[in-house]
Amino acid sequence: MLVIFLLFLFIGFLSIFGQMILPDLPFFYAKPEISALFVIYFTLRMPFFYAFGFSLYTGILSDLLIPGIFGTTTLSLILLFLFISVLKPLFEKIGNYWMFPLYVSVGVFFYSLISYLLFELENHQWHWSLEPLTKCVSISFLSALLSIPLFLIMDLIFVLLKISPSQEEFFPSFFKKNSNLS
């Protein structure tokens, strides 16, 4: 559990730092959402409690380090986590490992759309044009392309650290007493 905790701390900080220094790509005028990629990865690979903790940690860290209104990234990442958690049984039913770029593109499109709607709500503008929609599509496409090597590297890290994704449980196992009477 300590290895998972340290991995979450390192990956969360690395994803936020990478998001800050990554420039917009010239043709798309967008960049992939690295923190959303890791939230999707951990939601698909880890139990509910751990993936929720990572999305909460990454959202709060992003809100602290990146200027803006506090709480919007946290809310967007938690909604992304819940969206992927609801779709996780469907993804497991499909069962093809190489379908994950499709999962990523759907998840990142949802995340980008929620982030933009929260931005519009905060600014009281409600101005919708084709530009935000094309930017959401560009971000989801770039994130799907980046997800292929990133998920393979993360799987390799999981194998090297001997972390096996356990069965779904809502809370981590704690030490249990044999009897409540003793």
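These numbers come from a predicted model, not from an experiment.

*Asks:* What's the story with the nonpolar core in this structure? I'm lost.
*Replies:* The nonpolar side chains of a soluble globular protein tend to be buried with one another. Ranked by internal contacts, the top residues of the largest apolar core, which has 34 residues, are Phe-38, Phe-42, Leu-80 and Phe-158. Elements supplying a minimum of two residues to this core: helix H1 (2–21), helix H2 (34–45), helix H3 (48–65), helix H4 (72–94), helix H5 (100–123) and helix H6 (130–160). No other element matches H2, which puts 8 residues into this core.

*Asks:* Please explain H3 as it appears in this structure.
*Replies:* Each α-helix turn comprises 3.6 residues. Residues three or four places apart therefore point the same way. For H3, which comprises 18 residues, the first-to-last C-alpha distance of 26 Å matches the rise-based estimate of 26 Å (1.5 Å per residue) to within 8%. Within H3, burial applies to Tyr-50, Ala-51, Phe-54, Ser-55, Thr-58, Gly-59, Leu-61, Ser-62 and Asp-63. Here the buried face of H3 lies against H1, H2 and H4.

*Asks:* How should I be thinking about the UniProt feature "transmembrane region" (unreviewed entry) in the protein chain in this particular structure?
*Replies:* Here the UniProt feature "transmembrane region" (unreviewed entry) sits at residues 34–57, 64–86, 98–119 and 139–161. Secondary structure over residues 34–57 splits into 92% helix and 0% strand, and the C-alpha atoms at its two ends are 14 Å apart. This span, residues 64–86, is 74% helix and 0% strand, and a straight line between its end C-alpha atoms measures 28 Å.

About the criteria used
Residues numbered from 1 in each chain as written. Predicted model: local features only at pLDDT ≥ 70, side-chain atom pairs only at ≥ 80, totals over all residues. Heavy atoms only, no water. Core = buried A, V, L, I, M, F, W, Y, C linked by side-chain atoms within 4.5 Å. Buried < 20%, exposed > 50% of the residue type's maximum accessible area, 1.4 Å probe, protein only. Helix = DSSP H or I, 4+ residues; strand = E, 2+ residues; numbered from the N terminus. Expected span 1.5 Å × (residues − 1). Contact = heavy atoms within 4.5 Å. UniProt positions renumbered as here; feature names shortened; annotations may be inferred.

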